Amino acid sequence: MKKDPRNRRAPATDRLTIISLAWRATWIAVRLLLIFWMAETGRSFIYQGF
Amino acid sequence: MIETAALLDLADLPFWYLVSLAVAILLPLQHAGARRLTLAVFYLVSIAVLLGFRTAIVAAALAGFTFITSRAIAHPRTQSIAGARTTLLASAMIVALILFTTHKLPSPATSLHWFSASLAAIGFSYIFLRMIDLLRVVADGRAPAPGLVDTIGYLLPLHMLAAGPIESFSAYAQRPAVPPRPSSAQWLNAIERIVGGLFKSYVLAGGLRTTLLTDFAADGLYLLLEIHLFYLWVYLDFSAYSDIAVGLGRFLGAEAPENFDRPLTARNLTIFWERWHISLSQFIRRNVFIPTQLTLGRRFSRHPLWVTSIAFFVAFTLCGLWHALEPAFLIWGVYHGLGLVACNLYRYALKRRLGRPGMERYLANRVIRWLATAVTFEFVAFSLAFALSPAFAARLFGALQ
């Protein structure tokens, strides 16, 4: 009997993309949290008025 | 350095509100003229909101001056009068140079203080280079004189104001009128570039500065270590701003050129300058190094090595003075100029001695590569500490006396 295409598992590449997307989104969120936490650490050398 | 009340600060939330608003307006816009006008208005309004109304007036006046001058240079009547184009270009450059000097010298405690403060707030050093590039490209006939909206778009890109990059006017003029709509993967890449840049600046560079840097107050081995950490800090902080500019540029449809490409692992100073502040190196190459080399080359065609050496020296001495009209940066420029001359002479001598096959073996040798990379790293680290930290320069001079 033919399998219902809706029940097929996502191809390996798609699954990888989902994992990669999830990882990238998590890493962005973690970095944003750290940025907000550290944003008051002071001015960088860029602010010397070049 | 010039003290100012307002400088473009990426920690300011209004900056991000304005960028988000501009992206929301620009996204559905498919009309080239409307896009360019929106960007120009966004730049000026953002400068007014973030840096003050007076600063926006100064920025608009700079754009107006560049627009009128470039139009005059490209005008058919100017082209028909012998020497008129050169005279106009030279006059405009002198005006730009006077403004640059005003910006770089200590701010006068007079009623003109606000003007110097405005130039500092919009990062006039970068605008100065863009003005020169635009005027030279138009004078050489490599691109037509831009309209007022395009002049604002080129001179005052908000995402490139604080620390570059410096886009060439030729590249700006060749940008597609309506950029292709980014795919979802490109959106994600742009977000990652911005977040990565903020992370580098506020977490990595900020953390490094507060935990490990002592402003060269430490002694002994830690002082030596700090020279290297200081280089790392400058790289992280500076390249972070370029990352943010590149990411924002993709959102706005006003792409910023890449400015850094693994400079810490450069095996010699020539390669270092191909990878560090790339847009500045390319500007110097286009507007100082090549013209100097060509002019001298015509007169002294029998001495190409001398010509190249002098061109390197002139270009990097001016590069030093562009950073600051101070002895430390003059010495920094001369030091890098001499370093590049030495690098060029060494390569020439090696080529003569080893021949092509020997040179290929030399370049492939792993030990030599590691050694060369370490020497380059030390050379640059020392120069940055000297130029950027008055405390380090003071300690160095103190130790020498």
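Rules behind the numbers
- Residues numbered from 1 in each chain as written.
- Chains lettered and ligands numbered in written order.
- Predicted model: local features only at pLDDT ≥ 70, side-chain atom pairs only at ≥ 80, totals over all residues.
- Heavy atoms only, no water.
- Helix = DSSP H or I, 4+ residues; strand = E, 2+ residues; numbered from the N terminus.
- Expected span 1.5 Å × (residues − 1).
- Buried < 20%, exposed > 50% of the residue type's maximum accessible area, 1.4 Å probe, protein only.
- Arc of directions from axis to C-beta.
- Contact = heavy atoms within 4.5 Å.
- Salt bridge = Lys/Arg side-chain N within 4 Å of Asp/Glu carboxyl O.
- Core = buried A, V, L, I, M, F, W, Y, C linked by side-chain atoms within 4.5 Å.
- Polar contact = N/O pair within 3.5 Å; in protein donor to acceptor, adjacent residues only side chain to side chain.
- Phe/Tyr/Trp six-rings, centres within 6.5 Å; stacked < 30°, edge-to-face > 60°.
- Lys NZ or Arg CZ within 6 Å of the ring centre and 35° of its normal.
- pLDDT = per-residue confidence, 0-100.

Caption draft 1: Seen up close, helix H1 (residues 13-26) of chain B. Residues and elements named next belong to chain B. Look at H1: 20 Å from first C-alpha to last across 14 residues, which is about the 20 Å you get at 1.5 Å a residue. Those residues of H1 not exposed but buried are Phe15, Trp16, Leu18, Val19, Ala22, Val23 and Leu26. Projected down its long axis, H1 carries its buried residues within an arc of 160 degrees, all on one side. Exposed residues pointing more than 90 degrees away from the buried face of H1 are listed as Tyr17, Leu21 and Ala24. Its buried side turned inward, H1 meets helix H2 (32-51), helix H10 (184-211) and helix H11 (220-252).

Caption draft 2: View of the pattern of salt bridges. All names here are of chain B. Counted by the stated rule, this structure contains 11 salt bridges over all chains. Its salt-bridge partner being arginine 36, residue aspartate 150 comes within 3.2 Å of it at the nearest N-O pair. Taken together, the residues aspartate 150 in helix H8 (residues 148-155) and arginine 36 in helix H2 connect sequence positions 114 residues apart. Here arginine 36 falls in the partly exposed class, since its relative accessible area comes to 35%. In this structure, the salt-bridge partner of arginine 286 is aspartate 133, at a minimum N-O distance of 3.3 Å. Linking arginine 286 in helix H13 (residues 278-299) with aspartate 133 in helix H7 (residues 124-139), this pair joins segments that are 153 residues apart in sequence. On the basis of relative accessible area, arginine 286 is assigned to the partly exposed category, the value being 27%. Through salt bridges with shared partners, a single network forms among Arg193, Lys200, Asp243, Arg250 and Glu258.

Caption draft 3: Quick peek at the environment of leucine 236 of chain B. Residue and element names in this part refer to chain B. Tracing the backbone through its elements, the reader meets leucine 236 in helix H11. Separated by 54 residues in the primary sequence, leucine 236 and proline 182 have C-alpha atoms spaced 27 Å apart. Residues within four places of leucine 236 in sequence aside, it is in contact with Lys200, Leu204, Ala205 and Leu208.

Caption draft 4: Spatial organisation of the nonpolar core. Residue and element names in this part refer to chain B. Ranked by size, the top nonpolar core spans 120 residues in total, and within it Phe15, Phe42, Ile47, Phe124, Tyr231 and Trp276 carry the most contacts. It is H11 that provides the largest number of residues to this core, a total of 15 residues. Setting aside anything within four residues of it in sequence, one finds tyrosine 231 in contact with Pro263, Leu264, Phe272, Trp276, Phe377, Val380, Ala381 and Leu384.

Caption draft 5: Just the side chain of histidine 336 of chain B, in detail. Residues and elements named next belong to chain B. Mapped onto the elements, histidine 336 comes out in helix H15 (residues 327-364). For histidine 336, a relative accessible area of 1% puts it in the buried group. A distance of 3.1 Å separates polar atoms of two side chains, one belonging to histidine 336 and the other to tryptophan 273. Dropping the residues within four chain positions of it, histidine 336 is found in contact with Leu269, Phe272, Trp273, Phe316, Phe379, Val380 and Ser383.

Caption draft 6: Expanded view of the packing of aromatic side chains. Residues and elements named next belong to chain B. The full count for this structure, using the stated rule, is 33 aromatic pairs over all chains. Seen in terms of ring centroids, phenylalanine 169 and tyrosine 172 are 6.0 Å apart; in terms of plane orientation they differ by 25 degrees. Their pairing is stacked. Here phenylalanine 169 and its partner tyrosine 172 are both found in helix H9 (residues 169-173), 3 residues apart, which amounts to about one turn of the helix. Residues phenylalanine 230 and tryptophan 233 carry aromatic rings whose centres are separated by 5.5 Å and whose planes lie at 55 degrees to one another, so their mutual orientation is tilted. With phenylalanine 230 and tryptophan 233 both in helix H11 and 3 residues apart, this pair spans about one turn of that helix. Judged by its relative accessible area of 6%, phenylalanine 230 is buried. In this structure an aromatic cluster arises from ring pairing among Tyr231, Tyr235, Phe238, Phe260, Phe272, Trp273, Trp276, Phe316, Phe329, Trp332 and Phe377. The aromatic ring of tryptophan 322 is capped on one face by lysine 104, whose charged end is 5.8 Å from the ring centroid.

Caption draft 7: Representation of the confidence of the model for chain B. All names here are of chain B. Chain-level pLDDT for chain B is 91 on average; 97% of the residues reach the 70-or-more range. Overall, residues 1-5 carries pLDDT values under 50, and its contacts beyond four positions in sequence, including any with other chains, amount to 13 contacts. Both scores are given for the predicted complex: the pTM is 0.89, the ipTM 0.74.

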